Amino acid sequence: MGRVLMKGCEAIAEAAVRAGCRFYAGYPITPQNEIPEYLSRRLPEVGGVFVQGESEIASVNMVYGAGQTGTRSMTTSSSTGVSLYSEGIAFCASARIPIVYVNVARGGPGIGSIQPSQQDYLQATKASGNGGFQMIVLAPSTVQEAADMTYRAFDLADRDRNPVLILSDGVIGTIMEPVELPPAKTEEEVKANKESKRSWACVGHKLDVAHRSWIQPGTFLPARLEERNKAAAEMYASWEPEAEEYLLEDAEIVITAYGISARIAKSVVDDMRREGKKAGLIRPITVNPFPYASYEKINYGVCKGILDVEMAIPALMVQDVKMGVKGRAPIETCLCSGGNIMRKGTVRKAAEELLLR
Amino acid sequence: METNLLVGGFGGQGVMTLGKFLASATCDSTEKNVTFFPSYGAEQRGGTANCYVVISDHPVGAPIPDEADDLIVMNEASLHRFIDMLKPGGTLFVNSSIVESEPDRMDIHIVKAPVTDLALKMGNPRVLNIIMLGVYAGYTGVIPEEVVWETIARKFAKKPGVLAVNKEAFEKGLAIGRKAAEE
Amino acid sequence: MEKVYERTKGIQEDKVSGFCPGCMHSTIAKLIGEVLEELDVLDRTVLVEGVGCCGLLMDYVSYDNTCAPHGRACAVATGIKRTNPDTICYTYQGDGDLAAIGLGETMSAANRGENFTVIFVNNGIYGMTGGQLAPTTLVGMKATTAVNGRDPKEHGYPMHMCEILNQLEAPAYLERCSCNTPKNVRATKRAIKKAFQNQIDGKGFSLVEIVTSCPTNWGMDALKSLDFLEEKMFKEFPLGVFRDR
């Protein structure tokens, strides 16, 4: 299959269908409406179910329910709506229900703006709900990645029986780019996937109390809950962070950014390199787990500084960057917020200033 | 090599469609990278509409360029809003049917095309964007003309009734664009 | 000796009810188990528990069950039933769960005509959390968050869920019953059976509201609470069939 020009939102939706997603519930919010609109047409074609929920709260709980049957299920929203997911996502994490959700982030806090932003970083990576659970959080920086990560997210969710979040933004959601779509799972594969979860799926079992499905997002017994939390913590610790480490060996300045900001930053690195200026890039691909180890690859002997680029004020990811850099180089930030989109020239200027030090 | 285009106009002038067709043609028929970014607002109708198309041999970094290589303005408001984004030596494509003022810049090329009037004369006011796309393709040659046309034809495949008028519109635009390029 | 009665297979064999004396949850759990057994669907049933005393059912039932966040049972059931239409799915919710925090989910699921069953236990008070004001608390009735009793000027009036849901076109079946007398227990069982049969027949949203007592939080003994039920609760929440299609 060749490449097709697709909007980020539609690529996410189609990739989900191809990954075997057969249930979607969501509530309208800009800038991600093309996902539910697309799936409302597309899912019935493959025997899937689309429900427009009466709220984000209802939608995430429908997905929590659908995920319990072993059906690959997804919901999507944008910042303000994602806040309303907290309860349902925490239940999925606690009850170990695999689901995928996408945040096409917009300006905040509160209703904020409908334009793109990266202001949900801490919510996405540290506390998407109560109780200290963790999720793998993937941050696409192109439409192609948005499609690939969505596709892969369902495998990760199933592997861990845990929610997986795609942290995107209003640019990735609304731009159109050429994309090569991942192969569609066959109906047999989709069925087999669901069947593989039959032992724990909440769909009815032969009467046998020991083997009935008992989905427990909590328990009255602290000792049991502690055991479960320990097991979950072990799983979180097993995750491998992923990052793009670009031209770090001799870099005098290292720009670090994720998602939309990262692609802009990378083009600045390329521009500077063409002029013989030694710039490099660290792009977290999983923003959780965060790739702290990538910052060990910086050549601190020559590095004059780190430039953290985010579409967020105050800077958020910089907290993790600091933990990676451990004071070995100065860290400056290059920021915009509220729906303003990062400009290449702004990043370039900030990088040049740091280089002059 | 990277080139970008900013298109601005009223909602309803087919600004987004123009950009999308150009991006589509690039995707379908070349190896180049391309991004189409529709700048979006809260209004469903009216207001200004604008979009960016970036075509590049490398992966596209910023889908919203700092400065525009080319600028198409379909209405007066867009001219004032975006003229400063056009880089020195860049080309301004003007819908001269409704844009009356002259930009006070001497460092740019200007291609004028009365696309609203031409579309009205053809009896189909909606094809003004296709005429302008023709002007742009004919002038810049950034994507081969026939490739752009193939994309347009495919987009209208389900509406064969409007294919002929779009073909006519595109060719009218091409002629204007080619002529301007020769001058 | 001939066995004339045995415990339903819908309740775990060795379990003894831990509900408060005079509470009707155990009776209702038994009735649901009997109905599911009679309809021969126990091995394809899923219970979606609400939060509060309703959630305690998880320790007694013998079949698949899950717990929804407070108020979200109808949304969770939507996800389960839509992806597994052959599964028999019901929610078990109290008045705080269904009519306060979950009002939106309840109304919307009913309005979509979702094909599952709702067992709504209305005792006019929050049980597990300790007697707070519920949307169904009677005027003048004391609660730990309304120590002088429900005052319409401040709290409004009790909400009548069957009557409210009856304004919607989609629901198939709405009935209010109680478990205060053997006769009413039998009537409740008939209603529950109908609500599940409707689901098997694909008729859509069926809700049985069961008006019950909460002696503990009403501050009465079990017998007095039965009197209160009859004298006060039934006046506010008249028993009967509101919808049967």
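Model, not experiment: these values are computed from the prediction.

### Let's talk about the overall build of chain C
Thinking step 1. Scanning chain C for helices and strands turns up 9 helices and 7 strands.
Thinking step 2. On C-alpha atoms alone, chain C measures out to a radius of gyration of 17 Å, which is about the 18 Å that the 2.2 N^0.38 rule sets for 245 residues.
Thinking step 3. With the principal axes as the frame, chain C shows a C-alpha extent of 50 × 50 × 30 Å.
Thinking step 4. Looking at the 245 residues of chain C, the share that counts as buried comes to 54%.
Thinking step 5. At a minimum sequence separation of 6, the contacts of chain C that also span at least 24 residues come to 67%.

### Structural notes on helix H4 (residues 128–140) of chain B
Residue and element names in this part refer to chain B.
Thinking step 1. In a regular helix each residue adds 1.5 Å, so 13 residues correspond to 18 Å; H4 covers 18 Å between its end C-alpha atoms and thus fits that length.
Thinking step 2. Across the 13 residues that make up H4, a large majority, 12, are buried.
Thinking step 3. For H4, the full list of buried residues reads Leu-128, Asn-129, Ile-130, Ile-131, Met-132, Leu-133, Gly-134, Val-135, Tyr-136, Ala-137, Gly-138 and Tyr-139.
Thinking step 4. A positive backbone phi angle near 60 degrees is found at Gly-141, which sits one or two residues after H4.

### Comments concerning the environment of Thr-286 of chain A
Residue and element names in this part refer to chain A.
Thinking step 1. In this structure, Thr-286 sits in strand E13 (residues 286–288).
Thinking step 2. Thr-286 gets classed as buried once you count the C-beta atoms within 10 Å, which come to 21.
Thinking step 3. Considering only alpha carbons, one finds Thr-286 and Glu-244, 42 residues apart in sequence, at a separation of 9.9 Å.
Thinking step 4. Other than its neighbours up to four places away in sequence, Thr-286 contacts Ile-136, Val-137, Leu-138, Pro-241, Glu-242 and Pro-291.

### Quick word on the interface of chain B and chain A
Thinking step 1. Counting from both sides, the interface comprises 16 residues of chain B and, opposite them, 18 residues of chain A.
Thinking step 2. Among the secondary structure elements, those contributing two or more residues to the side of chain B that touches chain A are helix H1 (15–29) and strand E2 (33–39) of chain B.
Thinking step 3. Among the elements that make up the side of chain B that touches chain A, the one with the highest residue count is E2 of chain B (5 residues).
Thinking step 4. Across the side of chain B that touches chain A, the residue classes tally to 11 nonpolar, 3 polar and 2 charged.

### Examining the pairing of strand E4 (residues 117–122) of chain C
All names here are of chain C.
Thinking step 1. The buried fraction of E4 is high, at 6 of 6 residues.
Thinking step 2. Both faces of E4 are covered, namely the face carrying Thr-117, Ile-119 and Val-121 and the face carrying Val-118, Phe-120 and Asn-122.
Thinking step 3. Bridge count for strand E3 (residues 88–94) against E4 is 5 bridges, and the pairing is parallel. Across the sheet, the residue bridging to Thr-91 is Val-118, located in E4.
Thinking step 4. Pairing analysis gives 6 bridges linking E4 to strand E6 (residues 206–211), with the strands arranged parallel. The residue bridging Ile-119 from the neighbouring strand is Val-208, located in E6.

### Looking at the sheet that holds strand E5 (residues 173–178) of chain C
Thinking step 1. As summarised here, the arrangement of the 8 strands in space is E9(A)-E2(C)-E1(C)-E3(C)-E4(C)-E6(C)-E5(C)-E7(C), forming an open sheet in which the pairing is mixed. Two strands bound the open sheet, and with one partner strand each, they are strand E9 (214–215) of chain A together with strand E7 (240–244) of chain C.
Thinking step 2. Of the pairings in the sheet, the one linking E9 of chain A to strand E2 (residues 64–67) of chain C comprises 2 bridges and is parallel in character. Bridge pairing in E2 of chain C links Trp-214 of chain A to Asn-65 of chain C.
Thinking step 3. Helix H1 (residues 25–38) of chain C rests against strand E1 (45–49), E4 and E6 of chain C of the sheet, and its axis sits at about 160 degrees to E4 of chain C.

### Quick word on the packing of helix H1 (residues 8–18) of chain A against helix H7 (residues 143–160) of chain A
All names here are of chain A.
Thinking step 1. At a minimum axis separation of 8 Å, H1 and H7 run at an interaxial angle of 25 degrees. If you check the angle between H1 and H7, you find them roughly parallel. The handedness of the crossing between H1 and H7 is right-handed. When H1 is examined against H7, the residues Gly-8, Ala-11, Ile-12, Ala-15, Ala-16 and Arg-18 are found in contact with a partner set consisting of Val-143, Ala-146, Ala-147, Thr-150 and Tyr-151.
Thinking step 2. Along the lines of polarity and charge, the residues of the contact of H1 with H7 split into 8 nonpolar, 2 polar and 1 charged.

### What to know about the sheet that holds strand E10 (residues 243–246) of chain A
Residue and element names in this part refer to chain A.
Thinking step 1. Here we have 5 strands laid out as an open sheet, ordered E10-E12-E11-E14-E15, and mixed in their pairing. The two strands at the open ends of the sheet, each matched to only one other strand, are E10 and strand E15 (331–335). Taking each pair of neighbouring strands and ignoring which way they run, the sheet shows an average axis angle of 20 degrees.

### Quick word on the interface of chain A and chain C
How big an interface is tends to be expressed through the accessible area that disappears when the partners come together.
Thinking step 1. Each side of the interface is counted separately: chain A has 35 residues, and chain C has 30 residues.
Thinking step 2. When residues of the side of chain A that touches chain C are traced back to their parent elements, those giving at least two are strand E2 (23–26), strand E3 (49–52), helix H3 (56–68), helix H5 (86–95) and E9 of chain A.
Thinking step 3. Among the elements that take part in the side of chain A that touches chain C, H3 of chain A stands out by supplying 9 residues, more than any other.
Thinking step 4. Per-class residue counts for the side of chain A that touches chain C are 18 nonpolar, 12 polar and 5 charged.

### Notes on helix H13 (residues 344–355) of chain A
For the α-helix, the turn length of 3.6 residues means that residues three or four positions removed from each other point alike.
All names here are of chain A.
Thinking step 1. When the terminal C-alpha atoms of H13 are compared, their 16 Å separation across 12 residues agrees well with the 16 Å that a helix rising 1.5 Å per residue should span.
Thinking step 2. Buried within H13 we find Val-347, Arg-348, Ala-350, Ala-351 and Leu-354. One face of H13 carries all of its buried residues, which in axial projection span an arc of 170 degrees.
Thinking step 3. Contacts from the buried residues of H13 go to strand E11 (253–256), helix H11 (259–274), strand E12 (279–284), strand E14 (305–310) and E15.

### Quick word on the arrangement of the chains
Thinking step 1. The structure contains 2 pairs of chains in contact, of which chains A and C account for the largest number of contacts.
Thinking step 2. Without any contact between them, chain B and chain C keep their closest C-alpha atoms 27 Å apart.

### Considering the environment of Leu-138 of chain C
Residue and element names in this part refer to chain C.
Thinking step 1. For Leu-138, the position within the fold is in the loop between E4 and helix H5 (152–155).
Thinking step 2. Classification of Leu-138 by C-beta neighbours within 10 Å gives buried; the count is 20.
Thinking step 3. Distance from Leu-138 to Pro-158, taken between C-alpha atoms, is 5.9 Å for residues 20 residues apart in sequence.
Thinking step 4. When sequence neighbours within four positions are dropped, the list of residues in contact with Leu-138 reads Gly-124, Arg-150, Pro-158, Lys-232 and Glu-236.

Rules and cut-offs
- Residues numbered from 1 in each chain as written.
- Chains lettered and ligands numbered in written order.
- Predicted model: local features only at pLDDT ≥ 70, side-chain atom pairs only at ≥ 80, totals over all residues.
- Helix = DSSP H or I, 4+ residues; strand = E, 2+ residues; numbered from the N terminus.
- Rg over C-alpha atoms; globule rule 2.2 N^0.38 Å.
- Buried ≥ 20, exposed ≤ 12 C-beta atoms within 10 Å, placed from the backbone.
- Contact = placed C-beta atoms within 7 Å.
- Expected span 1.5 Å × (residues − 1).
- Nonpolar A, V, L, I, M, F, W, Y, C, P; charged D, E, K, R; others polar.
- Pairing = 2+ DSSP bridges.
- Axes fitted to C-alpha atoms, helices over the stretch in contact; angles between N-to-C directions.
- Parallel < 35°, antiparallel > 145°, perpendicular 65-115°, else oblique.
- Left-handed = near helix turned anticlockwise from the far one by under 90°.
- Arc of directions from axis to C-beta.

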